[in-house]
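This is what each chain is made of:
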Amino acid sequence: MSPTSRFLSGAVLVALLTFSIPVHTFYLPGAAPHDYREGEKVDLFVNALTPMLSGADDAKLRSLINYDYYNPKFHFCEPQGGPHKQPESLGSILFGDRIFDSPYHIQMLEDNATCKELCVSSVPPDDAKFINERILEDYALNWLVDGLPAAEMKIDVKSGDMFFDMGFNLGNDEGPHAQQPALNNHYDIVLRYHSPSPEKNRIVGVLVWPSSRGDSQEGTLDCDSRVPPLILSETEDNRVRYTYRVLWNESSTPWATRWDNYLHIFDPRIHWFSLINSLVIVVFLCAMVSMIVYRSISRDISRYNAIDLSEDVQEDWGWKLVHGEVFRTPDNPLILSALVGNGAQLCSMVGITLVFALLGFLSPSNRGSLATVMMVCWTFFGGVGGYISSRVYASLGGTNRRKNAFVTATALPTLIFAVVFLLNVFLITAQSSGAVPFGTMLLIVLLWFGISAPLSAIGAYFGSKRGAISHPVRVNPIPRQIPRPPKYLRPWATALLGGILPFGAAFVELYFVLSSLFASRAYYAFGFLALTASVVGLTTATVTILFTYFTLCAEEYRWHWRAFLTGGGSAFWLLAYGLFYWISRLSLDSFSSVVLYLGYLFLLVILDFLVTGTIGFLATYWAIRKLYNSIKID
């Protein structure tokens, strides 16, 4: 996945159907299979080299830098006339795809098991050292045939299921090769095909078995004999002969379900256990909060409404005591409303993206479709952000509506673009293929400031025209003094305590998401993700309302910022978990990789803070209006 937009996949939310454990993909109209005739050319495309996790349980990711396949230091064989770049979507580019054609000559059902020479390459010592370092960092080659990624067949040791692990090793650094890695220079390409009719052949699987052959790099081709591995010397020039052979394997797998072997869910019981555990927590929490708040508030409302308003001997207490302060304008209402507006825009983007994913529109065969949909949704939901921000700003007593509309439309995109641009500089310095081209960066700027910003301004106009939300009580002209709250109700304490349950609900699923973002693991369990996200949203809203009620009972009426911080408290735990993930699952040796990881983590934390903070604030605003609308005020 692309270094420049790993953060885009981090924020996703809405609940819909799907309770099936297996992942089954299907194809929408327009995604027709390619029917190959015998002897027809089958194109093999090459993609960027990416770091991957090895099969060991204690394996750690050692880099976050992607490299072009035709990087001159690798000295891979090139097609005649040089490689030609293939057209890619915006999302595909952002996800780090750099797809080129290749010199591999493959024809449908021909030359079965025939050993072929691709080319003989000369590798100087400096480049040999570069290649050896990439092998030690567990870099993988990524090929594409008929839209399917080349993979290695593996067995899930826990479930015993066979699955295809995307990508295959550049070399071997295990066992005796831990200090002297061996370069894989021979590839057995197994193409699995399904024939629905005698004249139609469809590719349903691509497997590659790489091997290292260090025999004489010249002379007669022999792909079967046992030879020592190819060790690249870092002190003298090396001759490397690349060879391959194609093996055709007929399969009963139909074309419509050919992705099932790739989209393997590791130990689905963990997902179900996490989800059921989260559901039990949220049901218990909602029941407890509802019971406490209902009994307390009902008793308070009955007591308040039973008072004869002509008698002034009864004194208000608890949350009713601050009824004249609770809707007072908070500090920095413009910043708060801009944050809420951007959070609402993100929530809309994530919700629609998940709906598209659950309905099958984001098929893995459409590379980059996830990022493309997210970018388009973010752009066109600018009106939602502007509308929500404008109405919240007016409700908080703000008057500078033009400034509010401008800040809402530009602040978050500017921050994200600045961070991404800085990370892109590190990627360019490291000669990574994940660096976003200037043209793509310019397109993103045009999307944000050419479409999203005007839509945000239009939304702000309609929000201002609609006006402020009506409040059930008036604000006193003179603010009352605020007693010192208990320590557990201070802002930092409520943020940390309030974030534990939402983070706990997403803890297990978060591990798989981070592995997908940083370790190039395929993740398409959108059903689990949607249900988990809905639980997180409900838990965030409930916990924030509960802490706000306790705060009001303590006569602390400055709830606006506290509600946003409490709702966004899970972001602090996300940051802590991200650092733990760095220590436990990553072993980043280069400074560039460390900066990239921390930069992506910062963006994920910011986006999570905005989404959950907005949910907490809006839920609390709704609850407080309902609360004070239910009592008679003198």
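Structure: above.
Owing to the predicted nature of the structure, the values given are computational and were not obtained by experimental measurement.

Caption draft 1: Spotlight on the overall build of the chain. What the chain contains, in helices and strands, is 13 helices and twelve strands. Counting every position in the chain, which comprises 634 residues, the buried fraction comes to 55%. Contacts spanning at least 24 positions in sequence make up 80% of the contacts within the chain whose residues lie at least 6 apart.

Caption draft 2: Quick peek at a nonpolar patch on the surface. Residues Y488, W492, L496, L497, I500, F572 and W573 make up a contiguous nonpolar surface patch of about 700 Å² in total accessible area. At the level of elements, α9 (491-519) and α12 (570-585) are the ones that each hand at least two residues to the nonpolar patch. A total of four residues in the nonpolar patch trace back to one element, the largest contributor, which is α9. Mapping W573 onto the fold places it in helix α12. The partly exposed category is assigned to W573, whose relative accessible area is 31%.

Caption draft 3: Seen up close, the pattern of salt bridges. Here the structure, examined in full by the defined rule, presents 15 salt bridges. The shortest N-O distance in the salt bridge between K41 and D43 comes to 3.7 Å. Between D146 and R258 there is a salt bridge, with its nearest N and O atoms 3.0 Å apart. Note that D146 is positioned in the loop between β3 (139-145) and β4 (148-149) and R258 in the loop between β12 (238-250) and α3 (268-306), a separation of 112 residues in sequence. Of the two residues, D146 and R258, neither departs from the other in class, the shared state being buried. Among the ionic contacts, a cluster of salt bridges with common partners joins E133, R134 and E137.

Caption draft 4: Just the nonpolar core, in detail. Among the nonpolar cores identified, the biggest contains 144 residues, and W143 and Y187 are the most heavily contacted of them. With 20 residues, helix α13 (residues 591-629) is the single largest residue contributor to this core. Excluding residues within four positions of it along the chain, Y187 makes contact with F76, Y104, L141, W143, F168, V208, W209, P210, Y242, T243, Y244 and R245. V282, C286, A505 and V536 belong to the second largest nonpolar core, which has five residues in total.

Caption draft 5: Structural detail: helix α7 (residues 401-429). The terminal C-alpha atoms of α7 lie 42 Å apart, and with 29 residues this matches the ideal 42 Å at 1.5 Å per residue to within 8%. When the local axis directions of α7 are compared, the greatest deviation, roughly 30°, occurs at V407. At the exit of α7 stands Q431, carrying a positive phi of roughly 60°.

Caption draft 6: Representation of the environment of Y577 within the structure. Take Y577: it is sitting in helix α12. Placed 24 residues apart in sequence, Y577 and L601 show a C-alpha to C-alpha distance of 10.0 Å.

Caption draft 7: Molecular detail of the packing of helix α5 (residues 369-380) against helix α8 (residues 438-466). Interaxial distance between α5 and α8 falls to 7 Å at its minimum, and their mutual angle equals 35°. When α5 is examined against α8, the residues M375, W378, T379 and F380 are found in contact with a partner set consisting of I444, L447, W448, I451, S452 and L455. Its residues assigned to classes, the contact of α5 with α8 shows eight nonpolar, two polar and no charged.

Caption draft 8: Representation of helix α11 (residues 560-567) in the model. α11 sits mainly inside the fold: six of its eight residues count as buried. For α11, the set of buried residues is H560, R562, A563, F564, T566 and G567. As for α11, its buried residues are in contact with α4 (333-358), α9, α10 (526-553), α12 and α13.

Basis of the calculations
Residues numbered from 1 in each chain as written. Predicted model: local features only at pLDDT ≥ 70, side-chain atom pairs only at ≥ 80, totals over all residues. Heavy atoms only, no water. Helix = DSSP H or I, 4+ residues; strand = E, 2+ residues; numbered from the N terminus. Buried < 20%, exposed > 50% of the residue type's maximum accessible area, 1.4 Å probe, protein only. Contact = heavy atoms within 4.5 Å. Patch = residues over 30% accessible without salt bridge, like charges linked within 9 Å, V, L, I, M, F, W, Y side chains within 5 Å. Areas by Shrake-Rupley, 256 points an atom, 1.4 Å probe, with all protein chains shown as cover. Salt bridge = Lys/Arg side-chain N within 4 Å of Asp/Glu carboxyl O. Core = buried A, V, L, I, M, F, W, Y, C linked by side-chain atoms within 4.5 Å. Expected span 1.5 Å × (residues − 1). Bend = angle between axes of the 7 residues up to and from the residue. Axes fitted to C-alpha atoms, helices over the stretch in contact; angles between N-to-C directions. Nonpolar A, V, L, I, M, F, W, Y, C, P; charged D, E, K, R; others polar.

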